[in-house]
Amino acid sequence: MLSRRLLRIKTVKSLYSYFQSGEDSLSRSEKELTASIRKSYELYLMTIALVGEVAEVARERIAIGQAKMMPTEEDLHPNRRFVDNRVVARIEESAALGDAMTRYKVSWRGQEALMKRLYQDMVAAPYYKRYMEASVPTDEREAWGADRRFVNDFLATLEDNEYFEEALEEMSMYWVDDLAYCLGLAIRTIGFLNESSADLDIMPMYKNDEDREYVETLFRKALVGHEEYFGYIDRFTQNWDFDRIAFMDKLIMLAAITELVQFPTIPVKVTLDEFIEISKYYSTPGSSVFVNGILDRMVAWLTQEGKIVKQGRGLIDTAVNKTEGNKSATGGHAIQ
């Protein structure tokens, strides 16, 4: 399922799109956010199915070799270990995966050139050679484990495959930055598969209804309250030109403030840690220190004003102690 971290990132990106485009329809923006989340889930499904598509290319190569007028010994007796891989077969036969891809209307249809390129890249990789040349374990569990490691190796190498990344960007603008996370989910899903599994255990898009409501509420409340929350940011950046603060920093803090104020059961520390981490990857160098310092001071003030009210033993104390303890360590005191 999609993590809260990814849902937060999707929210910040959708806020960026909303403000940059001059969009004035909340409902259209919410639909755009939902579409972005759905596309990430679709990519998760497609990365699981990908190895089967590449295996089909390998089978076609074997069939072409055997159909030659003068086939070589290798053509007649090819190494079939990859095309007969047990895990690949289970993925291709998976009713759960097939049903999910049908429901979400996704497939690799029309991407034959991409599959051939991925097959070529795979064959040239060291892990492929090791797998194809190694003896097949006689123990069923060990053989299954070797097959699964091969599939995981195949998926893991895709994160650094520039050709594959470029192809995904052409297929969907929503998949920029999602590949590593979706590959991780696919590897995790396949990791639960063993020789006695009846089928793949496909993860749902959301962990539960609470996560679905969380991201919808976070986005909506951020937009509805953005003038008030931008005012909070302005208050704590008085010695800075508000218009010159990185726009992404503003949006990250907007989302963070919304979560701090609107979600009483989420600990302050979780909110701060998550959005500071997001700022490291989606804003300017040094943004995490700046965002950390501003949010630290803002938490103390919002708590005193009664705008942050957390439910659960120890949540408020933890928030205040964390804020006071981190001011000097994070550079918060320098932003006065």
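Going by the structure above, here's the rest.
If you're wondering where the values come from, they're calculated on a predicted model, not measured in any experiment. (Residues numbered from 1 in each chain as written. Predicted model: local features only at pLDDT ≥ 70, side-chain atom pairs only at ≥ 80, totals over all residues. Heavy atoms only, no water.)

Enquirer: Got a minute to help me understand the overall build of the protein in this structure?
Expert: Of the regular secondary structure elements, the protein holds 16 helices and 0 strands. When its C-alpha atoms are laid out on the principal axes, the protein stretches across 80 × 40 × 35 Å. Contacts in the protein between residues far apart in sequence, at least 24 positions, make up 81% of those at least 6 positions apart. A total of about 17200 Å² of accessible surface is found on the protein, and carbon and sulfur atoms cover 48% of it. (Helix = DSSP H or I, 4+ residues; strand = E, 2+ residues; numbered from the N terminus. Contact = heavy atoms within 4.5 Å. Areas by Shrake-Rupley, 256 points an atom, 1.4 Å probe, with all protein chains shown as cover.)

Enquirer: Explain the side chain of arginine 81 here, please?
Expert: Tracing the backbone shows arginine 81 in the loop between α3 (73–76) and α4 (86–93). One buried charged side chain, arginine 81, makes no salt bridge at all; its nearest oppositely charged neighbour is aspartate 147, positioned 4.4 Å away. A distance of 2.6 Å separates a polar atom in the side chain of arginine 81 from the backbone oxygen of tyrosine 131. From its side chain, arginine 81 meets the backbone oxygen of alanine 134 in a polar contact 3.2 Å long. Here arginine 81 is in contact with Tyr131, Met132, Ala134, Ser135, Val136, Pro137, Ala146 and Asp147, once residues within four sequence places are set aside. (Buried < 20%, exposed > 50% of the residue type's maximum accessible area, 1.4 Å probe, protein only. Lys, Arg positive; Asp, Glu negative; His and termini not counted. Salt bridge = Lys/Arg side-chain N within 4 Å of Asp/Glu carboxyl O. Polar contact = N/O pair within 3.5 Å; in protein donor to acceptor, adjacent residues only side chain to side chain.)

Enquirer: What is the right way to look at the packing of helix α8 (residues 140–157) against helix α10 (residues 179–191) in this model?
Expert: The description of two packed helices rests on the angle between their axes and on the distance between the axes. Contact pair α8 / α10: the axes reach a minimum separation of 10 Å and the direction vectors enclose 175°. Here α8 lies roughly antiparallel to α10, going by the angle between them. Residues Arg148, Val151, Asn152, Leu155 and Ala156 of α8 pack against Leu183, Ala186, Ile187, Ile190 and Gly191 of α10. For the contact of α8 with α10, the class distribution of residues is 7 nonpolar, 2 polar and 1 charged. (Axes fitted to C-alpha atoms, helices over the stretch in contact; angles between N-to-C directions. Parallel < 35°, antiparallel > 145°, perpendicular 65-115°, else oblique. Nonpolar A, V, L, I, M, F, W, Y, C, P; charged D, E, K, R; others polar.)

Enquirer: How do you make sense of the packing of aromatic side chains when you look at a structure like this?
Expert: For any pair of aromatic rings, the description rests on two quantities: the centre-to-centre distance and the angle between the ring planes. Taken as a whole, this structure holds 16 aromatic pairs when the rule is applied. One aromatic cluster is present, built from ring pairs that chain together Tyr16, Tyr18, Phe19, Phe230 and Phe247. Taking NZ or CZ as reference, arginine 4 lies 4.1 Å from the ring centre of tyrosine 214, over its face. Note that arginine 81 overlies the ring of tyrosine 131, its terminal NZ or CZ placed 4.1 Å from the centroid. (Phe/Tyr/Trp six-rings, centres within 6.5 Å; stacked < 30°, edge-to-face > 60°. Lys NZ or Arg CZ within 6 Å of the ring centre and 35° of its normal.)

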